[in-house]
Amino acid sequence: MTVGERSRHLLAWSVGAAVLFACYLGLSRTVPVNSDGASIALQAWDMLHGNPLLHGWWLSDVSFYTTELPQYALLELAFGLHSDVVHVAGAMTYTLMVLLAAMLAKGRERGTAGTGRALIAAGIMLAPQLGGGALVLLLSPDHVGSTVPVLAAFLIVDRGPRRWYVPASVAALLTWSLVADRVVLVTGVLPLAAVCLARGYRGAVHQRRPWGSQWYELSLGAAALTSVALASLVEAVLEAQGGYQLGPFGAVSVLSVPQIPGVLYSDAQAVLLLFGADFLARPTGLLTGMALVHLAGVSLAGWAVWIGARRLPREPDLVSASLVAAVLINGAAYVLLIQGHDVLAAREMAAILPCSAALAGRLLGPRLATPRLRPLAAVLLAGYLACLGYAVAQPPAPAADQRLATWLAARHLRSGLAGYWQASGTTLASGGRIQVSPVCVTRDRVSVEHWESKAIWYDPRWREARFLILGGQADCYYVTAAQARSAFGPPARSYHVGPYTVLVWSRNLLATVR
């Protein structure tokens, strides 16, 4: 490839990235920022202001410490603390995921064949679904960003030479992402380790080749497994230095027979949501039609996974085999371990979307490039572009707690308490000018919320809290006005703000929080 050709390719990828980012930013803004994304933004802000280890923070069961948190910190360094940081970060992450999937689909192919393979992958991922799809894929950090370094590791294996530094780079990328999110175990570590070690064993034992000739596959498998130990070491060092504390993982229960149909229905709907094809919970209309168009992408991805799974034991392409394994292992883990009826739990298997899209490009590219199928492919791509254009044209939604934050600021109420879903979201919507800390309230007891919060927020020596927001529901926040009076005494004032009630006291409520 000449210098001029390289320049044209680089320009095309850059322009494509810019256009996709602009579209995904508009689509992300159609979904209101909530306390999940706000909590990450507040943690990144704290890192920027002298707390890089997040000392005193209780996080969720996923830290995002080495992935989205640095991204948020850089965005806040450039643009400050406000809700739009969540939208910008979400659009950046999804744009990267689409581009990496397209590069993986292209592989080492050049010319029209390579472009066609890349377009298949990018087309399948092109237009996330309005509502739940945008919420899962384009908003708060929740396993989508953890897929980016995994795809980058697969891309290095695909494009790199059989040299020692390729396994070393893969180990570094997987370690980096594992520190942030343990879901990488099923999206990157286990698939790559299983495929590479199986290929090395088969080559040495079944095909009777020297073990030394299998060093590359065995090294890649060992690198994947080594990343688990390295990530655990990094986490131990962070803990020893007084870093953040992770929340507990959700409990895993065994399915009963009557639960199986409902869980499988929910799992199928979650897959449809990832591909923009969730028509099951929608009334008949334009959005249903848009979802039905996306069934083409589901079909292509499913076809590719089926082909890849059938030839997995004899698949000559290491990356294609790893992508198949990633889809199968992530899907199996989701079905067996998540067992939820919430379609938004699709975020737990977000990696299935780019992995199966890249696989479709690699395995179906030659089949779809025939003259008979090209017009159909062009019509489908036009349909996806129309869906994306319609979604981007929708009006932006304000942050979920923007009205509440504006009301509090107008009355100079600067620090208070609320349930999880009204706490950090209100703080971020105010640009950090108002501090609302999440608490748990059960009967007449008020306690610290050990989930996406910071210990100093509850220390009455450093902070005051003079109001309590009622009306929002959370896992440990079912409080009535009577319970609030029992816990804190009679309030000095009471206000109604939309669906919320704000009770105000003339004393510091943190003295009562335990």
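As a starting point, this report considers the structure included with it. (Residues numbered from 1 in each chain as written. Predicted model: local features only at pLDDT ≥ 70, side-chain atom pairs only at ≥ 80, totals over all residues. Heavy atoms only, no water.)

This part takes up the overall build of the protein. On a plain count of helices and strands, the protein comes out with 19 helices and eight strands. Once the C-alpha set of the protein is aligned to its principal axes, its extents read approximately 80 × 55 × 55 Å. Across the 514 residues of the protein, 54% fall into the buried class. Summarising the internal contacts of the protein: among those between residues at least 6 apart in sequence, 74% fall at separations of at least 24. Working note: accessible area of the protein is about 22500 Å², and carbon and sulfur atoms make up 65% of it. Of the charged side chains in the protein, 38 are positive and 27 negative, and the gap between their average positions amounts to 7 Å. (Helix = DSSP H or I, 4+ residues; strand = E, 2+ residues; numbered from the N terminus. Buried < 20%, exposed > 50% of the residue type's maximum accessible area, 1.4 Å probe, protein only. Contact = heavy atoms within 4.5 Å. Areas by Shrake-Rupley, 256 points an atom, 1.4 Å probe, with all protein chains shown as cover. Lys, Arg positive; Asp, Glu negative; His and termini not counted. Charge placed at Lys NZ, Arg CZ, Asp CG, Glu CD.)

Counting residues in hydrophobic clusters, the biggest one holds 142 residues, and the most contacted among them are Tyr-24, Tyr-94 and Leu-417. The residues touching Tyr-24, leaving out its near neighbours within four places in the chain, are Ala-91, Tyr-94, Thr-95, Val-98, Met-125, Leu-126, Pro-128, Leu-138 and Leu-388. Ranked by size, the runner-up nonpolar core spans 14 residues in total, among them Leu-404, Ile-469, Val-502 and Val-504. (Core = buried A, V, L, I, M, F, W, Y, C linked by side-chain atoms within 4.5 Å.)

This part covers the packing of helix α13 (residues 295-310) against helix α15 (residues 352-368). Across the interface, α13 lies against α15 with an axial gap of 8 Å and an inter-helix angle of 85 degrees. Judged by the inter-axis angle, α13 sits roughly perpendicular to α15. Along its contact with α13, which presents Leu-300, Ala-301, Trp-303, Ala-304, Val-305, Ile-307 and Gly-308, the element α15 presents Ser-356, Leu-359, Ala-360, Leu-363, Leu-364, Arg-367 and Leu-368. (Axes fitted to C-alpha atoms, helices over the stretch in contact; angles between N-to-C directions. Parallel < 35°, antiparallel > 145°, perpendicular 65-115°, else oblique.)

With that out of the way, let us pick up the environment of Met-97. Within the secondary structure, Met-97 sits in helix α4 (residues 84-106). Using a relative accessible area of 0% as the deciding quantity, one classes Met-97 as buried. Taking the C-alpha atoms as reference, Met-97 lies 15 Å from Ser-140; in sequence the two are 43 residues apart. When residues no more than four places from it in sequence are discounted, the contact partners of Met-97 are Met-125, Val-144, Thr-147, Val-148, Leu-151 and Pro-354.

For helix α19 (residues 481-488), the full list of buried residues reads Ala-484, Ala-487 and Phe-488. Within α19, the buried residues cover an arc of 75 degrees as seen down the axis, which keeps them to one side. Those residues of α19 that are buried lie in contact with β2 (415-418), β4 (445-448), β6 (467-470) and β8 (500-504). Just downstream of α19, Gly-489 is the residue with a positive phi angle, here 90 degrees. (Arc of directions from axis to C-beta.)

Where nonpolar side chains cluster on the molecular surface, the patch consists of Leu-264, Val-335, Leu-336, Leu-337 and Ile-338 and spans about 410 Å² of accessible area. In terms of residue count, the dominant contributor to the nonpolar patch is helix α14 (residues 318-338) (four residues). One can find Val-335 in helix α14. On the basis of relative accessible area, Val-335 is assigned to the partly exposed category, the value being 30%. (Patch = residues over 30% accessible without salt bridge, like charges linked within 9 Å, V, L, I, M, F, W, Y side chains within 5 Å. Salt bridge = Lys/Arg side-chain N within 4 Å of Asp/Glu carboxyl O.)

Attention now goes to the pairing of β6. Side chains of β6 alternate between two faces, with Phe-467 and Ile-469 and Leu-468 and Leu-470 buried alike. Inspection of the sheet shows β2 paired to β6 by two bridges, in the parallel sense. From the neighbouring strand, Leu-417 faces β6, where its bridge partner is Leu-468. (Pairing = 2+ DSSP bridges.)

With mixed pairing, the six strands of this open sheet are ordered in space as β4-β3-β2-β6-β8-β7. With one partner strand each, in any of the chains shown, β4 and β7 (493-497) form the two edges of the open sheet. Taking the axes of each pair of neighbouring strands and ignoring which way they run, one obtains an average angle of 30 degrees across the sheet. Its contacts with the sheet place helix α17 (residues 402-410) against β6, β7 and β8, and it is angled at close to 25 degrees to β8. Across the sheet, α19 touches β2, β4, β6 and β8, and the angle it forms with β6 is around 155 degrees.

Both the distance between ring centres and the angle between the ring planes are used here to describe each pair of aromatic rings. By the definition in use, this model includes nine aromatic pairs. With a centroid separation of 5.1 Å and 65 degrees between ring planes, the pair formed by Trp-407 and Tyr-495 is classed as edge-to-face. Placement of the pair is Trp-407 in helix α17 and Tyr-495 in strand β7, with a sequence separation of 88 residues. Relative accessible area serves as the criterion here: at 14%, Trp-407 is assigned to the buried category. (Phe/Tyr/Trp six-rings, centres within 6.5 Å; stacked < 30°, edge-to-face > 60°.)

Within this structure, the stated rule accounts for zero disulfides. With no disulfide of its own, Cys-23 lies closest to Cys-387 among cysteine sulfurs, the gap being 13 Å. (Disulfide = S-S within 2.5 Å.)

Turning our eyes to something else, we now look at the environment of Arg-159. Along the chain, the position of Arg-159 falls in helix α7 (residues 147-159). With a relative accessible area of 37%, Arg-159 lands in the partly exposed category. Counting along the chain gives 58 residues from Arg-159 to Ala-101, while the straight-line C-alpha distance between them is 13 Å. If we ignore the near neighbours within four places in the chain, the residues touching Arg-159 are Met-103, Lys-106, Gly-107 and Arg-108. A distance of 3.0 Å separates a polar side-chain atom of Arg-159 from the backbone oxygen of Met-103. (Polar contact = N/O pair within 3.5 Å; in protein donor to acceptor, adjacent residues only side chain to side chain.)

Taken N-terminus to C-terminus, the directions of helix α9 (residues 184-206) and α14 make an angle of 130 degrees; their axes are 8 Å apart at the nearest point. If you check the angle between α9 and α14, you find them oblique. Seen from above, α9 lies across α14 with right-handed handedness. Side by side, α9 and α14 meet where Val-186, Thr-187, Leu-190, Pro-191, Leu-192, Val-195, Cys-196 and Arg-199 of the first sit next to Leu-318, Ala-321, Ser-322, Ala-325, Ala-326, Ile-329, Asn-330 and Ala-333 of the second. (Left-handed = near helix turned anticlockwise from the far one by under 90°.)

What follows deals with the pairing of β8. Along β8, five of the five residues are buried, which leaves the element largely enclosed by surrounding structure. Judged by which residues are buried, β8 turns out to be covered on both faces: Tyr-500, Val-502 and Val-504 on one side and Thr-501 and Leu-503 on the other are all buried. Note: β6 against β8, four bridges, orientation antiparallel. What sits directly across from Phe-467, in β8, is Val-504. Across five bridges, β7 lies against β8 in antiparallel orientation. Considered in β8, the bridge of Ser-494 is made with Leu-503.

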